[in-house]
Amino acid sequence: MYRFFVQPQINAVTQKLAGYELLLRSYCHDYWVTPTDFTALPMDQQVSLSYQEITNILKDHPDNPEISFNLNRKQFMDPQTIGHMIHLKKSIKHLQLTVELTETPSLAELHRYVPLYRSFHIQLSLDDVGTDNQWCPAVQAALPFMDSIKFAMQNFRLQHRQADLMDSLNAWRKIADMYQLDLTVEGVENEDDVALAQQYNAQMTQGYFYSKPVPYCAE
């Protein structure tokens, strides 16, 4: 059994709700857990589940918060997945949809597939820059096609790389400016992290300080 949990994304300046990231969970041994294989649930079923969550969110939030949906490289290029994303975008009036890429596509793949997303006003964000998607020629080539990047402080903590965090955040802030990208800082766990994100002019913040990923319920 699967369902989507949500985690709020917060305007870094106003500290008010700006959006939600949808995070797939599977039910295993009486617990909801992160799936080991995100492709195990067919994309048509993922989109059907997400439709229910998104419509509930937008019903409660007439200001139309942004909705983020994760795709890996294979899913990003899959024609059926692209069709499902377009169908989702068209099915929900005023939906602001962002696809978060967990892996970096090649330049040829970006040239081929980005126009399909762009033609339906689906934004693209490169996830986990500085850790899972470190600076390299492939990432550099992908950035002009992105609308935003996400810097995950929690990954530095999990990888015991706290000493590298500040230099990396500073570098990615400069990269975001160079490529005119919005910056989301994830892994915000306390007020000091909020202040740090604001210091580096992040557009959005996200993390356990606001909420763990949870099933959506009306506020």
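Colleague: Give a description of the overall build of the chain that names residues and reports values.
Modeller: A count of helices and strands for the chain gives 8 helices and 9 strands. Taking 2.2 N^0.38 as the reference for a compact globule, 219 residues should give roughly 17 Å; the C-alpha atoms of the chain span a radius of gyration of 17 Å, in line with that estimate. When its C-alpha atoms are laid out on the principal axes, the chain stretches across 40 × 40 × 35 Å. In the chain, which comprises 219 residues, the proportion classed as buried is 49%. Within the chain, contacts between residues at least 6 apart in sequence are counted, and of these 67% link residues at least 24 apart. Approximately 11,100 Å² of the chain is accessible, and the part contributed by carbon and sulfur atoms is 51%. In the chain, which carries 17 positive and 26 negative side-chain charges, the distance between the mean positions of the two groups comes to 5 Å.

Colleague: If you had to explain unusual backbone geometry to someone new, which residues and values would you point to?
Modeller: The phi torsion at Asp-30 lies on the positive side, around 70°, for a residue other than glycine. We note that Gln-180 has phi near 55°; this positive angle belongs to a residue other than glycine. For Gln-180, a relative accessible area of 73% corresponds to the exposed category.

Colleague: How would you summarise the side chain of Ser-26 if you had to cite specific residues and measurements?
Modeller: Assignment of secondary structure puts Ser-26 in strand β2 (residues 17-28). Not counting residues within four places of it along the chain, the set of residues in contact with Ser-26 comprises Met-1, Tyr-2, Tyr-31, Trp-32, Val-33 and Pro-35.

Colleague: For the nonpolar core, give the residues involved together with the corresponding values.
Modeller: Grouped together as the largest cluster of nonpolar side chains are 57 residues, with contacts concentrated most on Met-85, Tyr-117, Ile-149 and Phe-151. Discounting residues that sit within four places of it in the chain, Ile-149 has contacts with Ser-125, Leu-126, Val-129, Leu-143, Trp-172, Ala-176, Leu-181, Asp-182, Leu-183 and Thr-184.

Colleague: Tell me about the side chain of Glu-21, and name the residues and values.
Modeller: Assignment of secondary structure puts Glu-21 in strand β2. A distance of 3.1 Å separates the side chain of Glu-21 from the side chain of Lys-150, its partner in a polar contact. Among the polar contacts made by the side chain of Glu-21, one reaches the side chain of Gln-206 at a distance of 2.7 Å. What Glu-21 contacts, discounting residues up to four positions off in sequence, is Phe-5, Val-6, Gln-7, Gln-9, Ser-68, Asn-70, Glu-100, Lys-150, Glu-186 and Gln-206.

Colleague: Let's hear about the environment of Phe-69: which residues, and what values?
Modeller: Mapped onto the secondary structure, Phe-69 falls in strand β4 (residues 66-71). For Phe-69, a relative accessible area of 2% puts it in the buried group. Taking C-alpha positions, Phe-69 is 22 Å from Ala-138, a pair spaced 69 residues apart along the chain. Those residues in contact with Phe-69 that sit more than four places away from it in its chain are Phe-4, Leu-22, Met-43, Gln-46, Ser-50, Met-85, Leu-97, Thr-98, Val-99 and Glu-100.

Rules behind the numbers
Residues numbered from 1 in each chain as written. Predicted model: local features only at pLDDT ≥ 70, side-chain atom pairs only at ≥ 80, totals over all residues. Heavy atoms only, no water. Helix = DSSP H or I, 4+ residues; strand = E, 2+ residues; numbered from the N terminus. Rg over C-alpha atoms; globule rule 2.2 N^0.38 Å. Buried < 20%, exposed > 50% of the residue type's maximum accessible area, 1.4 Å probe, protein only. Contact = heavy atoms within 4.5 Å. Areas by Shrake-Rupley, 256 points an atom, 1.4 Å probe, with all protein chains shown as cover. Lys, Arg positive; Asp, Glu negative; His and termini not counted. Charge placed at Lys NZ, Arg CZ, Asp CG, Glu CD. Core = buried A, V, L, I, M, F, W, Y, C linked by side-chain atoms within 4.5 Å. Polar contact = N/O pair within 3.5 Å; in protein donor to acceptor, adjacent residues only side chain to side chain.

Remember that the coordinates give geometry; whether it matters functionally is a separate question.
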